[in-house]
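An overview of the molecular structure
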Amino acid sequence: MREFLIAGNWKMNGSNAANRELVSGIAAGVPAGSGFSLLVCPPYPYLAAVGSALEGSPVKLGAQNVSEHESGAFTGEVAPAMLKDMGCDYVIVGHSERRAMYGESSFQVAAKFQAAQAAGLTPIVCVGETLEEREDGSTESVVDFQLNAVFDAAGIGAFASAVVAYEPVWAIGTGKTATPEQAQEVHRHIRGRLAALDAGIAENVQILYGGSMKGENAAGLLAMPDIDGGLIGGASLKADDFLAIAAAAAQG
Ligand code: PGA
């Protein structure tokens, strides 16, 4: 049985003071029950402080990006082993903002995915189409292309310890959420692609939805059979908002 994973992607937001308040609010309000886990992904400079603030709570720590290289002359980059060293369990790779604004190709994303796993991190690989791609009917082929790069580089076996996040670009930060049915259709497609390669792995891999998920729409999305959690941007920046989504997962 797959557990829900509710992951907060703080993006480039926060400060020491704001993070302290956010983390203590989240830690104090983790819903009772089982079958779900919570994760926060702060900006790099705050990993250490947020990691210490989370000690003793079940909330896990992750990062938003990682280098595909192990170490060396890569000014400004952060190696997978460094994230592990800072207490991260997860790292997001291939977020659409990185693909669109920093030119990350699906091949580079696949290399990051592999490097993260080699260092013992669980990659959360993001895929998703733009509005234009959805409107011209290429949602599935876009998602397939993005996933194929990872299958080709890492193999299907790598998905035994990886998470996929379906994030339609048109729903990110826009307040426009995919309907549960729209999201489920793509989630089912993704699981089907995985199943064609390995049915057992497909059954166990968590596929998160991301894009304007919030307390009010979380229960509907999480009720879908192939939606196993959320990657939350805006609503992860306030403890109450994040906890409302966690509560939906705890009830699901
Ligand atoms: P959003 O962001 O929840 O603010 O739409 C989601 C994401 O980009 O991961």
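Above this text you will find the structure in question.
Since this is a predicted model, take the numbers as computed values, not measurements. (Residues numbered from 1 in each chain as written. Predicted model: local features only at pLDDT ≥ 70, side-chain atom pairs only at ≥ 80, totals over all residues. Heavy atoms only, no water.)

Across its full length, the chain carries 11 helices and 8 strands. At 17 Å, the chain has a C-alpha radius of gyration in line with the 18 Å of a compact globule built from 252 residues. Along the three orthogonal principal directions, the C-alpha set of the chain runs to about 45 × 45 × 35 Å. Residue burial in the chain is summarised as follows: out of 252 residues, 52% are buried. Long-range pairs, those at least 24 residues apart, make up 71% of the contacts in the chain with a sequence separation of at least 6. If you average the places of the 15 positive and of the 28 negative side-chain charges in the chain, the two averages end up 2 Å apart. (Helix = DSSP H or I, 4+ residues; strand = E, 2+ residues; numbered from the N terminus. Rg over C-alpha atoms; globule rule 2.2 N^0.38 Å. Buried < 20%, exposed > 50% of the residue type's maximum accessible area, 1.4 Å probe, protein only. Contact = heavy atoms within 4.5 Å. Lys, Arg positive; Asp, Glu negative; His and termini not counted. Charge placed at Lys NZ, Arg CZ, Asp CG, Glu CD.)

Taken as a whole and judged by the stated rule, the model has 9 salt bridges. Between Glu-104 and Arg-98 there is a salt bridge; the shortest N-O distance is 2.8 Å. The class for Glu-104 is buried, based on a relative accessible area of 6%. Under the relative-accessibility criterion, Arg-98 is labelled partly exposed at 22%. Taking the shortest distance from any N to any O, the salt bridge between Asp-226 and Arg-191 comes out at 2.6 Å. Residue Asp-226 is found in the loop between helix 10 (215–222) and strand 8 (229–232), and its partner Arg-191 is found in helix 8 (residues 180–197); the two are separated by 35 residues along the sequence. Overall, Asp-226 belongs to the buried group, its relative accessible area being 11%. Assessed through its relative accessible area of 7%, Arg-191 is described here as buried. Because the salt bridges share partners, they merge into one network encompassing Arg-2, Arg-191, Glu-203, Asp-226 and Asp-228. (Salt bridge = Lys/Arg side-chain N within 4 Å of Asp/Glu carboxyl O.)

In this section: the sheet that holds strand 4 (residues 90–93). Sheet architecture is closed into a barrel: 8 strands sit in the order 1-2-3-4-5-6-7-8, paired in parallel fashion. When the angles between neighbouring strand axes are averaged without regard to direction, this sheet yields 25°. With 4 bridges joining them, strand 4 and strand 5 (residues 122–127) adopt parallel strand pairing. Among the inter-strand pairings, Ile-92 is bridged to a residue of strand 5, identified as Ile-124. Its contacts with the sheet place helix 5 (residues 106–118) against strand 4 and strand 5, and it is angled at close to 165° to strand 5. (Pairing = 2+ DSSP bridges. Axes fitted to C-alpha atoms, helices over the stretch in contact; angles between N-to-C directions.)

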